[in-house]
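As a plain string of letters, each chain reads:
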There are 2 protein chains.
Amino acid sequence: MDRQDLFSYIDSRKDDVIADLQSLIRQRSVSAKKQGLEQCAAVVAGIMIKAGINTRILNLPKDGKPDGQSSMAPPIVYGEVKMKRKTGRTPRTLLFYNHYDVQPEDPIELWEHDPYEGIVEGDYIYGRGSSDDKGELITRIKAVEYYLKFFGDVPCNIKFLVEGEEEIGSIHVGEYLAKYHDDFACDGVIWEFGYVNEQNIPIITLGMKGLLFVELTATGPTRDAHSSLAVLIENPAWKLVRALNKLTDTSGRILINDWYKEVRDLTESEKAYLNTESFDEIRFKTEYGIHSFLNNVQGVEIQKALVTMPTCNIAGMISGYTGEGAKTIIPSTASVKIDFRLVPEMDPLVQFERLKKYLFDNGFDERSLKVRLLHGEAASRTNVDDPFVDVVSESAREVYGDAKISVSSPATGPMDSFSKNLNVPCISIGSTFIYSKMHSPNEFARTDLLLKTTKCMCGIMDRFASQNSMTENQPE
Amino acid sequence: MDRQDLFSYIDSRKDDVIADLQSLIRQRSVSAKKQGLEQCAAVVAGIMIKAGINTRILNLPKDGKPDGQSSMAPPIVYGEVKMKRKTGRTPRTLLFYNHYDVQPEDPIELWEHDPYEGIVEGDYIYGRGSSDDKGELITRIKAVEYYLKFFGDVPCNIKFLVEGEEEIGSIHVGEYLAKYHDDFACDGVIWEFGYVNEQNIPIITLGMKGLLFVELTATGPTRDAHSSLAVLIENPAWKLVRALNKLTDTSGRILINDWYKEVRDLTESEKAYLNTESFDEIRFKTEYGIHSFLNNVQGVEIQKALVTMPTCNIAGMISGYTGEGAKTIIPSTASVKIDFRLVPEMDPLVQFERLKKYLFDNGFDERSLKVRLLHGEAASRTNVDDPFVDVVSESAREVYGDAKISVSSPATGPMDSFSKNLNVPCISIGSTFIYSKMHSPNEFARTDLLLKTTKCMCGIMDRFASQNSMTENQPE
């Protein structure tokens, strides 16, 4: 029996993969609203135990605040499978990092199905988290389950770290990694996501942008006032507009002093990979109903922007009356949520201080414009020359026929916490079709890609078992 | 029996005044949401009939749209009492203009009592509409009721026009006035509101500002997109911020071309009245929790701003995710509600065209920034030298001990429709304490002022009956 027989077996288990993913989708787990997180951790643990994985629920100690319960970090689901076969050398350990939390489902009225039902239509499974990240998580768990069932052992040690706060910035993952450092010790990490492009080619991603998420709140009168008084009372919505207008220019360039100070150029190897990536501009524009790109970028400039461009994005904004018809008031507050994407060497806390200083230097004061840090994560990139890259790349080619390498995702994850705490390479590879509406209404997963990725994970385990790590190659 | 005896009788009827006001408050009637309007018109009609007023419900014909029901104008309650006594000359006719609709109650969580219960605490009656305008309406109805009960007749003909769309710009009142022109023929109008200042002195108001209410909606991707794509996809919230920032400078001056083109200076008589008004700056600032006024205006400059300054006010703004915590998206739309207050000679439709032209001249295009007119009303001012001013002023002094004249309210009402259609002076006098939180949570009315205003209305009827109108004094 070889890997091809295992792959055939996996194809025969399609209904089992779908059923486990559905039970995960059906447990709502919105970290932004602290909904169903402990319950979802339990569902994950159950599926892992069923798969033959030794599973534990990890917690951090309560932080001692009076409302201890609500300020507790959601649990992490830890899983482990030790290789039984003895080879005479210390087996290598592969860690799967995933998350069981999802983005809020709003705007709920735009969903065509219940976002927490997991309805299957043809090759599509609909639901919040179906791709991001419950679908990806299922491919990792099922790969280990089927490998174990088929061969009676795994080719290397396997670990799982499944957290519940990825969508709100993995607030506690660093603390978990520090506290349970020995449990999570490993030689390589398969990251929680992985995109598949329009030509069904997976994008192997070696890095993540960082994120600084802030909320600005302008305050005006202590209560909404009749708008005829706008000749006397300053409107906080206007204050917010002035503040926002100072942050960027129309090209998206951030005007905050020293914002780009630490940004480094791409290395020559990184640049080389940039040119190999494909991007279907027409499909992308059709998908989002847009007619042009910001700054009219095209060709390799698109890849460059995705990998290297820091952003300042308005994720949400609210003030005053937003119902039907007219209400003539001066709102008492106006607030905005902003996410800044960061590139390597930008420290979220330093950037936050720069933002505050810039606003206050420009005439806004802390009394009437509150600037709140919601969270920050640094960017991270795995070395493009690490041999782990070939392990993943060959395994992907075996299943998908081809694979692309991306120096960095434009998105954010706690890769920096992993690379700093565990000192190992982290690589993204997965099953998420690039237009599967992650974070949007009608998110879906494709079963063909779920099965392919499950197979790919098996190939990675095999190849990883026999790979020499970069560290092992270096003199002690 | 003279007017002082009538006033004592009115004082004895306090509980009756409160009870009728409560039954009005309890019928929710939010015009912005088309809630309970026909029901409230019926409640008003019932109270008027009980008062001895001949009452009819007027309607406009359906506009023939398929959803005829929903696009129908809310009814107007019409009331009439003819003087029985014969004097040998045509009796004069006084029209009371009021409205039964109210502002939305949001934000509901800031109300200390149910906004539709009419809870009484000491001298205060709480509820949406308790002051604006159900409290004022009750003073007019009860004045006629008590005058009739006490003297068996009224001193002049009385008419009522109670509409249901004042809070959304009196969209159909002009049409009603045109259609029922003969029914509403009169010699003077007592307007729907009237403020009482911190020293319990009523402000007699001779004009209203106009209003242009618009909604701007910027559109971006066809659905919310993952914010990592902000390097490529233009964010509609940024577009909206750019557009808003172009509309005004930080002093509140409107930057739209020709915005102030038709604005005329105050006349000398108007200027003279400006200097007689009082304004308690410290109390006002305390009430709204603000530390300074826009442009640091003080003294007579405050009155001047309230009467003469056009405004551009953000009444509401929304885009993207506004729930708890973080969600990292590019919103698909961003919209803002803006109310512009206008002064005499500014035509709302002309100003609307100027707004659109300005935005499109500044690089915004109709495809990605929609500009929608919600409604427009022109400003209006009654001549400060009209003898009707003395009628109202003397009646107010009799009850309140003093009275102030204001050339124009900073707020808006359909006075222009009345003065144009009926060609008569319109004057505001009423019971609304200036800090009674109209349009805000915890709106209240003061029973002492309700009773005083009821008496004042009786005095106005008496004096109006014997007044010679400006038109009568002029040669035919």
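Residues numbered from 1 in each chain as written. Chains lettered and ligands numbered in written order. Predicted model: local features only at pLDDT ≥ 70, side-chain atom pairs only at ≥ 80, totals over all residues.

Novice: What is the right way to read the overall build of chain A from this model?
Specialist: On a plain count of helices and strands, chain A comes out with 14 helices and 21 strands. Computed over the C-alpha atoms, the radius of gyration of chain A is 23 Å, within 12% of the 23 Å expected from 2.2 N^0.38 for a compact globule of 476 residues. The buried share among the 476 residues of chain A stands at 53%. (Helix = DSSP H or I, 4+ residues; strand = E, 2+ residues; numbered from the N terminus. Rg over C-alpha atoms; globule rule 2.2 N^0.38 Å. Buried ≥ 20, exposed ≤ 12 C-beta atoms within 10 Å, placed from the backbone.)

Novice: For this particular structure, what's the right way to read the interface of chain A and chain B?
Specialist: For an interface, size is often stated in terms of accessible area lost upon the parts coming together. Each partner contributes to the interface: chain A provides 73 residues, whereas chain B provides 74 residues. Elements supplying a minimum of two residues to the side of chain A that touches chain B: strand S12 (225-226), helix H6 (236-247), helix H9 (300-308), strand S13 (311-320), strand S14 (329-330), strand S15 (333-342) and strand S16 (369-377) of chain A. At nine residues, the largest contribution of residues to the side of chain A that touches chain B is made by S13 of chain A. Considered class by class, the residues forming the side of chain A that touches chain B number 39 nonpolar, 22 polar and twelve charged. Bridging between S13 of chain A and strand S13 (residues 311-320) of chain B involves five bridges; their strand directions are antiparallel. In the strand pairing of S13 of chain B, Gly316 of chain A is matched with Gly320 of chain B. (Contact = placed C-beta atoms within 7 Å. Nonpolar A, V, L, I, M, F, W, Y, C, P; charged D, E, K, R; others polar. Pairing = 2+ DSSP bridges.)

Novice: Explanation requested: the confidence of the model for chain A in the structure shown.
Specialist: Residues shown with low pLDDT carry predicted positions that ought not to be read at fine detail. Residues and elements named next belong to chain A. On average, chain A scores 93 in pLDDT, and the residues at 70 or more come to 96%. In this model residues 65-70 is a low-confidence stretch, pLDDT under 50, and it forms three contacts with partners more than four residues away in sequence or in other chains. Between residues 469-476, whose pLDDT stays under 50, and residues either more than four places distant or in other chains, the model counts five contacts. Two numbers describe this predicted complex: its pTM, 0.82, and its ipTM, 0.83. (pLDDT = per-residue confidence, 0-100.)

Novice: Explain the relation of the copies chain A and chain B to me, please; I cannot follow it from the model alone.
Specialist: One copy of the chain maps onto the second through a rotation around an axis plus a translation along that axis. Superposing chain A onto chain B requires a rotation of 180° together with a translation of 0.0 Å along the rotation axis, leaving an RMSD of 0.0 Å. Overall, the copies show the geometry of a two-fold rotation axis. When C-alpha positions in chain A are compared against the rotation axis, the closest is assigned to Ile318 of chain A, at 2.2 Å. A shared binding surface is used by both copies, with 100% of the interface residues of chain A retained as interface residues in chain B. (Least-squares fit on C-alpha atoms with pLDDT ≥ 70 in both.)

Novice: Explain the pairing of strand S6 (residues 157-163) of chain B here, please?
Specialist: Looking down a regular strand, the side chains alternate between one sheet face and the other. All names here are of chain B. Burial of S6 is extensive: seven of the seven residues sit out of reach of the surface. Burial of S6 is two-sided: the residues Asn157, Lys159, Leu161 and Glu163 facing one way and the residues Ile158, Phe160 and Val162 facing the other way are all buried. Sheet topology note: the strand S2 (residues 76-81)/S6 ladder contains five bridges and is antiparallel. Along S6, the bridge assignment pairs Glu80 with Lys159. Where strand S3 (residues 93-99) meets S6, seven bridges bridge the pair, whose relative direction is parallel. Considered in S6, the bridge of Phe96 is made with Phe160.

Novice: Help me understand the packing of helix H11 (residues 387-400) of chain A against helix H13 (residues 447-466) of chain A, please; the structure alone is not making it clear to me.
Specialist: Axis angle and axis distance: for two packed helices, these are the angle between their axes and the distance between the axes, and together they describe the pair. All names here are of chain A. Packing of H11 against H13 brings their axes to within 8 Å, and their N-to-C directions diverge by 140°. Between H11 and H13, the angle is such that the two are oblique. Here H11 and H13 pass one another in a crossing that is right-handed. Of H13, the residues touching H11 (which contributes Val391, Val392, Glu394, Ser395, Ala396, Glu398, Val399 and Tyr400) are Lys452, Lys455, Cys456, Gly459, Ile460, Arg463 and Phe464. Counted by class, the contact of H11 with H13 contains eight nonpolar, two polar and five charged residues. (Axes fitted to C-alpha atoms, helices over the stretch in contact; angles between N-to-C directions. Parallel < 35°, antiparallel > 145°, perpendicular 65-115°, else oblique. Left-handed = near helix turned anticlockwise from the far one by under 90°.)

Novice: Can you walk me through the domain arrangement of chain A in this structure?
Specialist: All names here are of chain A. The domains assigned to chain A are domain 1 (3-208 + 379-473) and domain 2 (210-263 + 310-377). Each of domain 1 and domain 2 was reduced to a C-alpha centroid, and the two centroids are 35 Å apart. Each partner contributes to the interface: domain 1 provides ten residues, whereas domain 2 provides ten residues. Tallied by class, the residues present in the side of domain 1 that touches domain 2 amount to five nonpolar, three polar and two charged. (Domains from an automatic or database assignment.)

Novice: Any chance you could explain the sheet that holds strand S7 (residues 188-190) of chain A here in plain terms?
Specialist: Pairing between sheet strands relies on hydrogen bonds along the backbone, with the strands arranged either parallel or antiparallel. Residue and element names in this part refer to chain A. Within the open sheet, the six strands sit side by side as S1-S2-S6-S3-S7-S19. Their pairing is mixed. Of all the strands in the sheet, just strand S1 (54-58) and strand S19 (426-427) have a single pairing partner and so form its edges. Here five bridges tie S1 to strand S2 (residues 76-81), and the two strands are oriented antiparallel to one another. Note that in S2 the partner of Asn54 across the bridge is Glu80. Running at roughly 145° to strand S3 (residues 93-99), helix H4 (residues 134-151) makes contact with S2, S3, strand S6 (157-163) and S7 of the sheet.

Novice: Sorry if this is basic, but what is going on with H13 of chain A here?
Specialist: For an α-helix the count is 3.6 residues per turn, leaving residues at separations of three or four pointing the same way. Between the first and last C-alpha of H13 of chain A there are 30 Å, a value that for 20 residues agrees with the 28 Å anticipated at 1.5 Å per step. Within H13 of chain A, 16 of the 20 residues are buried, leaving the element largely enclosed by the surrounding structure. (Expected span 1.5 Å × (residues − 1).)

Novice: Would you explain the sheet that holds strand S21 (residues 444-446) of chain A in this entry?
Specialist: Residue and element names in this part refer to chain A. One open sheet holds the three strands; their spatial order is S4-S5-S21, and the pairing between them is antiparallel. Lying at the two open borders of the sheet, with one neighbouring strand each, are strand S4 (120-121) and S21. As paired strands, S4 and strand S5 (residues 124-126) are joined by two bridges and run antiparallel to one another. Within S5, the position partnered with Glu121 by the bridge is Tyr124.

Novice: Is there a simple way to explain the environment of Ile427 of chain B in this structure?
Specialist: Residues and elements named next belong to chain B. Note on placement: Ile427 falls in strand S19 (residues 426-427). Residue classification places Ile427 among the buried residues on the basis of 23 C-beta atoms within 10 Å. It is 7.9 Å that separates the C-alpha atoms of Ile427 and Val392, two residues lying 35 residues apart in sequence. Sequence-distant contacts of Ile427, defined by excluding residues within four places in its chain, comprise Ile190, Trp191, Ile204, Leu206, Thr382, Phe388, Val389 and Val392.

Novice: How should helix H10 (residues 348-361) of chain B be read in this particular structure?
Specialist: Residue and element names in this part refer to chain B. For H10, built from 14 residues, the straight-helix expectation of 20 Å at 1.5 Å per residue is met to within 8% by its first-to-last C-alpha distance of 20 Å. Buried residues of H10: Pro348, Gln351 and Leu355, and no others. In a view along the axis of H10, the buried residues occupy a sector of 60°, so they form one face of it. With respect to the buried face of H10, the exposed residues turned more than 90 degrees away are Leu349, Glu353 and Asp361. Contacts from the buried residues of H10 go to strand S11 (210-219), strand S15 (333-342) and strand S16 (369-377). (Arc of directions from axis to C-beta.)

Novice: Explain the nonpolar core to me, please; I cannot follow it from the model alone.
Specialist: When a protein is soluble and globular, its nonpolar side chains tend to lie buried together. Core analysis: the largest hydrophobic core is formed by 265 residues, its most contacted members being Val44 of chain A together with Val44 of chain B. Residues contacting Val44 of chain A, with those up to four places away along its chain left out, are Val77, Tyr100 and Val162 of chain A. (Core = buried A, V, L, I, M, F, W, Y, C linked by C-beta atoms within 7 Å.)

Novice: Sorry, what's going on with the packing of helix H2 (residues 14-25) of chain A against H4 of chain A here?
Specialist: Residues and elements named next belong to chain A. At a minimum axis separation of 10 Å, H2 and H4 run at an interaxial angle of 135°. Considering the angle they form, H2 stands oblique to H4. Considering the relative orientation of H2 and H4, their crossing is right-handed. For the pair H2 and H4, the contacting residues are Val17, Asp20, Leu21, Leu24 and Ile25 in the first and Lys134, Gly135, Ile138 and Lys142 in the second. Of the residues in the contact of H2 with H4, the class split is five nonpolar, one polar and three charged.

Novice: How should I be thinking about unusual backbone geometry in this particular structure?
Specialist: With glycine set apart, most residues show a phi of negative sign, and most peptide bonds adopt trans. Backbone torsion omega between Asp106 of chain B and Pro107 of chain B reads -5°, so that peptide bond is classified as cis. Checked against the element boundaries, Pro107 of chain B lands in the loop between S3 and strand S4 (120-121). Omega for the bond connecting Asp132 of chain B with Asp133 of chain B falls within 30 degrees of zero, at 15°, which places this linkage in the cis form. If you trace the backbone, Asp133 of chain B turns up in the loop between strand S5 (124-126) and helix H4 (134-151). A positive phi angle, close to 55°, is found at Asn423 of chain A, a residue other than glycine. Considering the arrangement of structural elements, one finds Asn423 of chain A in the loop between helix H12 (415-422) and S19.

Novice: How should the environment of Gly323 of chain A be read in this particular structure?
Specialist: Along the chain, Gly323 of chain A falls in the loop between S13 and S14. Overall, the presence of 14 C-beta atoms within 10 Å leaves Gly323 of chain A in the partly exposed class. Those residues in contact with Gly323 of chain A that lie beyond four places of it in its chain are Ala32, Lys33, Pro104 and Asp106 of chain B.

Novice: Sorry, what's going on with the environment of Tyr78 of chain B here?
Specialist: Residue and element names in this part refer to chain B. Inspection of the secondary structure assignment puts Tyr78 in strand S2. Spatially, the C-alpha atoms of Tyr78 and Ile256 are 41 Å apart, while their sequence positions differ by 178 residues. Once residues within four sequence positions are removed from consideration, Tyr78 is found in contact with Thr55, Arg56, Leu58, Phe160, Leu161 and Asp183.

Novice: Explain the pairing of strand S9 (residues 202-205) of chain B to me, please; I cannot follow it from the model alone.
Specialist: Residues and elements named next belong to chain B. Along S9, one buried face is formed by Pro202 and Ile204 and the opposite face, lined by Ile203 and Thr205, is buried too. Relative to S9, strand S8 (residues 195-196) is paired through two bridges, and the arrangement is antiparallel. Bridged to Tyr195 within S9 is Ile203. Hairpin geometry of S8 and S9 is characterised by an intervening segment of five residues between the two adjacent antiparallel strands and by a positive phi of about 60° at Asn200. Taken together, the three bridges between S9 and strand S18 (residues 404-406) define a ladder with parallel strand orientation. The residue bridging Thr205 from the neighbouring strand is Ser406, located in S18.

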